[in-house]
Structures are given as structure tokens and as C-alpha cells.
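# Working through the structure, step by step
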Amino acid sequence: MTDAIIAAGQRIMTGLAGTKIDRGFINAVKQYKIGNYILFSNNIESAAQLKTLCKELKDIAVSETGHIPFISADQEGGRVQRLPKNVIDTPSAREIAQSGNAEEAFLTGKRIGEAMRELGLNYDLAPVVDVVESVCGNPAIGSRSFGTDAATVASFVTGMQTGLQEQKVTAAIGHFPGIGSTTQSTKNGMASTDRSAEDFRANEFAVFQSCIDSGETKMITVSNMAAPSLTGDNTPCSLSGAVVTDILRNELNFRGVIVSGAMNQAAITNYYGADEAAVLALRAGCDMIYAPENFETAYNGVLEAVQNGTISEDRVNDSLRRIYRIKYADKIE
């Protein structure tokens, strides 16, 4: 049997409270074998501080879990940038696409990757695949999208993720199945779209399929948005086997790592406990859980589900193989 404690820790990505590792965090890593970390603006005050923090996170993860950690941030460019702007400041996806040259996306991805690697990060929650219905569409996406046309979005997304990954920074593209058609935000509560399954297949699915077929896509994040045309109800997509397994894994034939949407968003926390949501996401087919509202509760829920067989050993091992393939075969270290 796979070590359930290590397996649970490898399948969750969590944040930390401040700009330094404290004793409480060290004890949590020792106890829960936390294997992956997400950094936000409150964790970053300077390039030197960030580089030290990333090294300490890597060292403690390797020491306590035996595995390289994913150390991640949202570094898209434009209005979504976590790194200090005196280190790197790149344009938004919309601005890049306005150049009409997909090579600009590649070069931007390469610049971002170089900066992240230099500071010790190896995972970027970018670029955005969402196809917006108009240039003034979903306010949560807006200029983060490369545009309104699926073919254009596909070419720019592929370019950016290739640039990132040339620098050994794994790109996690999102947000499957595509949130460009909703005007709501999952950060504030339930967000839903009335886009038909046919429209999804003609737009975002076409982009995701193009990215998958390129051979460059290693990770995909799944939105917490509801898409009744795909699920038949208001279940968040990240908790839906119909979306995660039936469509993304089987129909689109994605063989990389599937990551849940942020589990601390109101679209999840208003309706599910941290443990319930984590287990539902993994049972739906996600390989990793991103930012649970309460790490300890989510972790214990996952650990219990692994130990009692609610999440099968085969599924655990399949997910770990996909995670380790990136951590080791792709040499993100």
C-alpha cells in the first residue's frame, strides 16, 4: 500500500501565513508531510526574501517528505503578478494578443520562467485558456484572456506555456471547462454559466484540445464554476466526475495532472466542508487539491479516504505517478 500520509501530502497544495517559515509551519510539514506550496502577495516582500523562502520550502519538503515540492505562484502578467515588479513586469494576455504575434507569448513565458526559476519557483498557475465572449465579458477574466476567438487563444496559450516550460517552470493552464462566459466570480459564491455543451466544445474545449495535442500541456486547473449543460446540476466543475474524468480525462484524452480550483473560494466553502470538498474533488478525478480553506481538515479527510478505500489505491497511485513524472522526469528541481 502506498504510504497514505505521504500520498495525502503530495496531493494537496497549501499556502503559508507570512514571509518566513515559522516553527508552527515546520511542525505542520513534519506532521502532515506537506508536499506543495502556493505563494501569494502577502508572502513576498522582495526578491532576496522570496529566494530565501523558496530555498527553505524546498529544503524542508525534501527533508520531511523525500520529494521535491511544487512551489507555485500566479504570475500571468498584467493585473495578475505576484513577483516584485522590479524583478519582472509583463503585459496582460490581451495586450500580448493585440500584437498579433504568438511569438510574443512564447518570449513572455520565457521571461516569466527565467525570473521564477531564478527565485526558486517551479510552477506557474498560468496561462489562462478562457475564451471571453466579448472584450468586456467576464470581469474575473477580462484582460487575462488572449481573446474571443478559440484559434487565436490556442496559439498564444501554447506559446506561453512552451516558453515557461523551456525554463523548467511547469505551466498549469485553466480554467477548465472555461469561465469566459460567466459574469460571476467563484470567489464570491456560486458562479454558473448557461453556455451549452456544444458551445463549450466549439470554444474552450477546442483550445484545451489543441494544447493537449501539442504535447506541451502538463497540468490543467478545473474551475469551481457550475456548468449545468455538462453536469446536469449546479455541482462545481472541480467536484464533478462528469467534467474532470468523463470529459477532460477521457473525451479530451488528457494524461497530465489535473488540479482543483481553489478550495478556499466561496463557491466551495459556502456549500461544503473542507474535508468533504477535498475528497469529492479527488474522487471526481483531480490529482491535486489547491488551497483548501482549512488544510488540517482537508488533509485528514483525504487521509481517511485513502486509508479506508473511499479513494482507491489504484487512483492514488495513478495520481502520484502523474505528479512524480513532472517532479522528476521533467527535472523541475
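Anything mentioned here points back to the structure above.
Read on for an overview of the structure. Counting restarts for each chain, with residues numbered from 1 along the sequence as it is written. It should be noted that, the model being predicted, local features are given only for residues of pLDDT at least 70 and side-chain atom pairs only at 80 or more, the latter also being counted only at that level, while totals for whole chains, interfaces and linings use all residues. Excluded from the side-chain calculations are hydrogens and water; all other atoms, namely the structure's heavy atoms, are used.

Any two strands with at least two DSSP bridges between them are considered paired. Strands here are runs of E lasting at least two residues and helices are runs of H or I lasting at least four, both read from the DSSP assignment and numbered beginning at the N terminus. Taking strand neighbours across the sheet as the criterion, the 8 strands line up as β1-β10-β9-β8-β7-β6-β3-β2 in an open arrangement whose pairing is parallel. Edge positions in the sheet fall to β1 (12-13) and β2 (36-38), since each has one partner strand and no second. Pairing of strand β3 (residues 70-73) with strand β6 (residues 123-124), which is carried by 2 bridges, proceeds in the parallel orientation. Bridge pairing in β6 links A73 to D124. What makes two residues a contact is simply this: any of their non-hydrogen atoms within 4.5 Å. Axis lines are fitted to C-alpha atoms, over the contacting stretch for helices. Their N-to-C directions set the angle, which ranges from 0 to 180 degrees. In the packing of helix α10 (residues 241-251) onto the sheet, the strands contacted are β7 (170-176), β8 (219-222) and β9 (257-262), and the crossing angle to β8 comes to about 150°.

A word on the nonpolar core. Residues belong to a common nonpolar core when they are buried Ala, Val, Leu, Ile, Met, Phe, Trp, Tyr or Cys residues joined through side-chain atoms within 4.5 Å. Each residue's exposure class comes from its accessible area (1.4 Å probe, protein chains only) as a fraction of the maximum for that residue type: buried when under 20%, exposed when over 50%, partly exposed otherwise. Counting residues in hydrophobic clusters, the biggest one holds 112 residues, and the most contacted among them are L121 and F176. In this structure F176 touches F205, F208, I220, T221, V222, S223, V243, I247, L248 and L252, once residues within four positions along its chain are discounted.

Turning our eyes to something else, we now look at the pairing of β8. Of the two faces of β8, the one carrying M219 and T221 and the one carrying I220 and V222 are both buried. Relative to β8, β7 is paired through 3 bridges, and the arrangement is parallel. The residue of β8 that forms the bridge with F176 is V222. Alignment of β8 against β9, held across 3 bridges, turns out to be parallel. Bridging from a neighbouring strand, M219 pairs with V257 of β9.

Think of a salt bridge as a Lys or Arg side-chain nitrogen and an Asp or Glu carboxyl oxygen that are within 4 Å of each other. According to the stated counting rule, one finds 11 salt bridges in the structure shown. Across the salt bridge formed by E64 and K30, the nearest N and O atoms sit 3.0 Å from each other. Pair noted here: E64 is in helix α3 (residues 47-65) and K30 is in helix α2 (residues 23-32), with a separation of 34 residues, a long-range link. Residue class for K30 comes out partly exposed when judged on its relative accessible area of 37%. A salt bridge links R321 to D318, with the nearest nitrogen and oxygen atoms 2.4 Å apart. Remark: D318 and R321 occur in helix α14 (residues 313-329); sequence separation between them is 3 residues, near one turn of the helix. Note on D318: relative accessible area 30%, which makes it partly exposed.

Moving on, we come to the packing of α2 against α3. Taken N-terminus to C-terminus, the directions of α2 and α3 make an angle of 30°; their axes are 9 Å apart at the nearest point. Crossing handedness for the pair α2 and α3: right-handed. Between α2 and α3, the contacting residues are F25, I26, V29 and K30 on the first element and L57, I60 and E64 on the second. Under the grouping applied here, Gly and all other residues not named as nonpolar or charged are polar, the nonpolar ones being Ala, Val, Leu, Ile, Met, Phe, Trp, Tyr, Cys and Pro and the charged ones Asp, Glu, Lys and Arg. The class makeup of the residues in the contact of α2 with α3 is 5 nonpolar, no polar and 2 charged. By definition, turning the near helix anticlockwise from the far helix through less than a right angle yields a left-handed crossing, and turning it clockwise yields a right-handed one.

Here the focus is the pairing of β3. Burial of the side chains of β3 extends over both faces: F70 and S72 are buried on one face and I71 and A73 on the other. As defined by bridge partners, β2 adjoins β3 across 3 bridges and the pair is classed as parallel. Opposite N36, over in β3, you have F70 as the bridge partner. What joins β2 to β3 is α3, and the crossover it makes is right-handed. A clockwise course of the path from the first strand over the helix to the second, judged with the strands pointing away from the viewer, identifies a crossover as right-handed.

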